[in-house]
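# Chains, contacts and geometry: an overview
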Amino acid sequence: MRALTVIPRQRQSFAVTDVPDPEPGDGELLVDGLAVGVCGTDKEIARGDYGSAPPDRQRLVVGHESLGRVRHAPSGSGFAPGDLVVGVVRRPDPVPCGACAHGQFDMCRNGRYTERGIKQLDGYASQAWAVEPGYAVKLDPGLAGVGMLLEPASVVAKAWDEIEKIGARAWFEPKTVLVTGAGPIGLLAALLGVQRGLDVHVLDRVTTGPKPGLVRDLGAVYHHEPIGTVMSGVRPDVVVEATGIGSVVFGALAGTAPYGIVCLTGVSSAGRRVTVDAGDLNRELVLDNDVIVGSVNANLGHYAAASDALAQADRDWLGRLITRRVPLERAAEAFTATDEDVKVVITLDDGHR
Ligand SMILES: [Zn+2]
């Protein structure tokens, strides 16, 4: 079968290649791949900057934002042929650490976790794949066109879970949230904010393309002014930061309402410097009881929460998040997104099986 593969950390090695058909282990599901979403991590892997292959193998099958349809399911697995499924990305480390031992592999302490399509395990960008039933999430059949949004939605569901747990340390009735960055993570964070009944604001630099309309159609407010202007106008109780841009991050930290919570989800590259008044920022964080929290990945509970959130969302709106669909054999085109693209997906069910 065909798959999108790479020799990790080797430039120019990214290619659609022939790989052996999957051989499901005992109790595992055999799944026909429908699509994978492409994110910043995939681009780093494609550039040769990130990722690692399975032991004793040169190439890694990429793809961690999965969507497939069950072809074969062992009896008692809880799945049946035809079910729409998403495979979970991370697996607990083998030690395991305390967090992994408690099912919280998203909080792994020793870093020895593995991740499908990223770290030592083949991903889902292949025409078929196998998965353990305990790491497969069944989706509402109506999500067939958009189910590859579940993995990014799980990251956002975790961010909201963090925010709510931190908020619960004292009286907490947030009214206003600012989401910085209107990519897939930002827009899904805005969706989950609207589902919580919050007054949602979204900041991005673009003024054209689908992003402003997607925000407005959620009933949220779109901004494209500098972060300082937006913070002083909105004074959010909660910020979900999804750009990873230093000036935006520090602008968000400095401008929340008292008891503000800033959840950082954007991964930035090192080497970019910004000038901050550390004394002033520290003073504001202390005097306002503010919290800054970083959040990444998701555990099974967050996947379940994300599945519920997508099932409740407007299907047409979710479909508009996917701005391009590229067939597997032309996968390279999926890595040339523009600022106006939201989510680009690679489709896996275009024949040649
Ligand atoms: Zn661990």
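Everything numeric here is computed off the predicted structure, so don't read it as measured data.

## Re a nonpolar patch on the surface
Together, Phe-250, Val-274 and Val-276 make up an exposed nonpolar region whose accessible area comes to about 210 Å². Secondary-structure assignment places Phe-250 in helix α7 (residues 246–254). Judged by relative accessible area, Phe-250 falls into the partly exposed class, the value being 32%.

## Things to note about the coordination of the zinc ion
The protein atoms that coordinate the zinc ion are Asp-93 (OD), Cys-97 (SG), Cys-100 (SG) and Cys-108 (SG), at distances spanning 1.9 to 2.3 Å. Bound by four donor atoms, the zinc ion shows angles of 98 to 119° at the metal and therefore tetrahedral coordination geometry. Sequence positions of the residues that donate to the zinc ion give the spacing D-x3-C-x2-C-x7-C. Taken together, the residues Asp-93 in the loop between β7 (90–91) and α2 (98–101) and Cys-108 in the loop between α2 and β8 (114–116) connect sequence positions 15 residues apart.

## Some remarks on helix α6 (residues 227–234)
All buried positions along α6 are accounted for by Ile-227, Val-230, Met-231 and Val-234. The buried residues of α6 occupy an angular sector of 100° when the element is viewed end-on, so they sit on one face. Residues Ser-232 and Gly-233 are exposed on α6 and point more than 90 degrees away from its buried face.

Scoring rules and cut-offs
- Residues numbered from 1 in each chain as written.
- Predicted model: local features only at pLDDT ≥ 70, side-chain atom pairs only at ≥ 80, totals over all residues.
- Heavy atoms only, no water.
- Patch = residues over 30% accessible without salt bridge, like charges linked within 9 Å, V, L, I, M, F, W, Y side chains within 5 Å.
- Areas by Shrake-Rupley, 256 points an atom, 1.4 Å probe, with all protein chains shown as cover.
- Salt bridge = Lys/Arg side-chain N within 4 Å of Asp/Glu carboxyl O.
- Helix = DSSP H or I, 4+ residues; strand = E, 2+ residues; numbered from the N terminus.
- Buried < 20%, exposed > 50% of the residue type's maximum accessible area, 1.4 Å probe, protein only.
- Donors = N, O, S within 2.8 Å, 3.2 Å for Na, K, Ca; no water.
- Tetrahedral: all angles 85-135°; square planar, octahedral: opposite > 155°, others 65-115°.
- Arc of directions from axis to C-beta.

Purely geometric numbers; function is a separate question.
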